[in-house]
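# Fold and geometry: a report
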Amino acid sequence: MGVVRLFSVESAGGVTSPKGFSAGGLHCGLKKTSRNDLGAIVCEVPAVAAAVYTTNVFQAAPLKVTRDSIVSGGQRLRAVVVNSGNANACTGVQGEEDAYAMRAAAAKAFGLGEQEVAVASTGVIGELLPMDRVYEGITGLPAALDAQSEGAEQFCQAILTTDLVKKEICVKLDVNGREVTIAGAAKGSGMIHPNMATMLAFVTTDAAINAQSLQELLGQTTNVTFNMITVDGDTSTNDMLLTMASGLAGNDELSPAHADWDAFSAAFRHVCQTLAQMIARDGEGATRLVEVTVTGAVSDFSAQAIAKTVVGSSLVKSAVFGADANWGRIIAAVGRAGQPVNPETVDIRLGEIVVLTGSRPIPFDEEQALAYLQGDTVVISVDLHHGNGTATAWGCDLTYDYVRINAAYRT
């Protein structure tokens, strides 16, 4: 393997930055507001495609359609059409027919084969799509496409539900002398507790990469990024992470044997991790991003389980919201994670403030801890001194607004 090289983060980049991609969005009436609620990403050539999906038993109809497109299309796609405001989940045979109808309508509008189009939906569960509005919106999508930043912006707005901010990132790196771009957009704010990836996310790249390597990279990256965030412990019916690679950068085809594979993998992970952190930070009602790093576990798997238990604890989240340095909430979560822990060797820090050493409390400055916990980001470090496993998870605090938002989500 070659040495991992630095990549540059483009602050103004989005899903249209990689060569070959255009995107757009518009309002077709699925949302009660005038915000965009229908969008698309289109590639000018067949793009190598890979996806991962929610593990919720009740999977929304669009996931079946997207799986069908990727398999029947030989792991290549030209477009994905996405709606927000309606999940098309738990809608039976009619919902499945509507998802396939969305695919057919988008294929016709863009002049593509049906198997070249993926479908995604997000919003209220259990309501049928108003297909007359969907059809009308899809006919307007080709005119809304833009290969510049405006297209990426309109697409980002089209996929939001309770999100307060758009989520996008773009990075560039050198692959055997060619500039390669990787970009991503995501939505997610509530019903966030991934067993795959709880949200919708779309990653585009102009790298040339074979389909098997892209699918394996996506799975591995998901496990340490999107699968390591939580907002409320709920896994959605519609979660999907889709990536498309146009190959138009002109690099030699990437695979684990390529000299620049490590560099590409690192950049790909950076895109996914940044989007995951954005989702956690934008958790419904959240005021703080919470990062939990566990070291000294018996394995990475064990560290992951403990980190997610701590960051997902309602008591830990509530303590962060109240800026209460209650380390007892943290160690209790560590102890109930179902993983091997030596109860005599645990250290805990809040930022740089040591509150526990060898599972025994250490006197600390309460005012200093209060000031730290009132910041935008709270980092909790747990060292188990029990092995070499490490992991980091991200979440947010639990606020009054979370209850307010979700008490009337449907109405």
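Residues numbered from 1 in each chain as written. Predicted model: local features only at pLDDT ≥ 70, side-chain atom pairs only at ≥ 80, totals over all residues. Heavy atoms only, no water.

Here the focus is empty space enclosed by the protein. Going through the model one piece at a time under the given rule, you end up with one cavity of 30 Å³ or more. Approximately 80 Å³ is the volume attributed to the largest cavity. Considering the residues around the largest cavity, the lining is formed by Val316, Ala319, Val320, Asp324, Ala325, Asn326, Trp327, Arg329, Ile330, Leu350, Leu373 and Ile380. Secondary structure elements with two or more residues in the lining of the largest cavity: helix 8 (314-321) and helix 9 (327-335). Looking at the lining of the largest cavity residue by residue, the class counts come to nine nonpolar, one polar and two charged. (1 Å grid on protein atoms, 1.4 Å probe; cavity = no way out; pocket = protein on both sides within 12 Å on 5 of 7 lines; lining within 4 Å. Points joined across faces, edges and corners; volume = space filled by probe spheres on them. Helix = DSSP H or I, 4+ residues; strand = E, 2+ residues; numbered from the N terminus. Nonpolar A, V, L, I, M, F, W, Y, C, P; charged D, E, K, R; others polar.)

What follows covers the pattern of salt bridges. This structure, assessed with the given rule, holds nine salt bridges. A salt bridge links Glu153 to Lys166, with the nearest nitrogen and oxygen atoms 2.4 Å apart. With Glu153 in helix 4 (residues 149-158) and Lys166 in the loop between helix 4 and strand 6 (167-175), this pair connects stretches of sequence that are 13 residues apart. Among the residues examined, Glu153 registers a relative accessible area of 22% and is labelled partly exposed. Classification of Lys166 as partly exposed rests on a relative accessible area of 33%. A salt bridge links Lys172 to Glu179, with the nearest nitrogen and oxygen atoms 4.0 Å apart. Classification of Glu179 by relative accessible area gives partly exposed; the value is 46%. By sharing partners, the salt bridges in this structure join Asp68, Arg103 and Glu114 into a single network. (Salt bridge = Lys/Arg side-chain N within 4 Å of Asp/Glu carboxyl O. Buried < 20%, exposed > 50% of the residue type's maximum accessible area, 1.4 Å probe, protein only.)

Mapped onto the elements, Ala51 comes out in strand 3 (residues 38-53). Given a relative accessible area of 7%, Ala51 falls into the buried group. Sequence separation between Ala51 and Leu370 is 319 residues; the distance between their C-alpha atoms is 42 Å. Apart from the residues lying within four places of it in its own chain, the contact partners of Ala51 are Ile70, Gln215, Leu218, Leu241 and Leu242. (Contact = heavy atoms within 4.5 Å.)

Note that Ala391 resides in strand 15 (residues 389-396). Ala391 sits in the buried class, given a relative accessible area of 11%. What Ala391 contacts, discounting residues up to four positions off in sequence, is Met228, Val292, Thr293, Val294, Asp300, Ala303, Gln304 and Ala307.

By the secondary structure assignment, Thr204 is in strand 8 (residues 200-205). When its relative accessible area of 1% is taken as the criterion, Thr204 is described as buried. Excluding its chain neighbours within four sequence positions, the residues that come into contact with Thr204 are Val15, Pro18, Phe21, Ile41, Thr181, Ile182, Ala183 and Met244.

Counting through the fold element by element, Thr309 comes out in helix 7 (residues 300-312). In this structure the side chain of Thr309 is engaged in a polar contact, spanning 2.7 Å, whose partner is the backbone oxygen of Ala305. When near neighbours in sequence (up to four residues on either side) are disregarded, Thr309 contacts Ala333, Arg336 and Ala337. (Polar contact = N/O pair within 3.5 Å; in protein donor to acceptor, adjacent residues only side chain to side chain.)

This part covers the packing of aromatic side chains. Across all of its chains, the model carries three aromatic pairs by this definition. Taking the centre distance of 5.5 Å and the plane angle of 80° together, the rings of Phe155 and Phe202 count as edge-to-face. Here Phe155, found in helix 4, pairs with Phe202, found in strand 8; they are 47 residues apart in sequence, far enough to count as distant. The buried category is assigned to Phe202, whose relative accessible area is 1%. Taken together, a centroid distance of 6.2 Å and an interplanar angle of 35° make the contact between Trp261 and Phe264 tilted. Taken together, the residues Trp261 and Phe264, both in helix 6 (residues 261-281) and three residues apart, mark about one turn of the helix. For the residue pair Trp261 and Phe264, the accessibility class agrees, reading buried in each case. Put simply, the rings of Trp261, Phe264 and Phe268 pair up and form one aromatic cluster. Above the face of the Tyr53 ring, Arg67 is positioned so that its terminal group lies 4.1 Å from the ring centre. (Phe/Tyr/Trp six-rings, centres within 6.5 Å; stacked < 30°, edge-to-face > 60°. Lys NZ or Arg CZ within 6 Å of the ring centre and 35° of its normal.)

Turning our eyes to something else, we now look at the nonpolar core. In this structure, Ile182, Phe226, Phe264, Phe268, Val294, Ile380 and Val382 are the most contacted members of the largest nonpolar core, which totals 70 residues. If you tally residues by element for this core, the top one is helix 6, at 11 residues. With 29 residues, the next largest nonpolar core counts Leu63, Ile70, Val80 and Val82 among its residues. (Core = buried A, V, L, I, M, F, W, Y, C linked by side-chain atoms within 4.5 Å.)

Let us now look at the sheet that holds strand 10 (residues 289-297). The strand order across the open sheet formed by six strands is 13-12-11-14-10-15, and the pairing between neighbours is mixed. Sheet topology places strand 13 (360-361) and strand 15 at the edges, where each strand pairs with a single neighbour. Note: strand 10 against strand 15, seven bridges, orientation antiparallel. Bridging from a neighbouring strand, Thr293 pairs with Thr392 of strand 15. (Pairing = 2+ DSSP bridges.)

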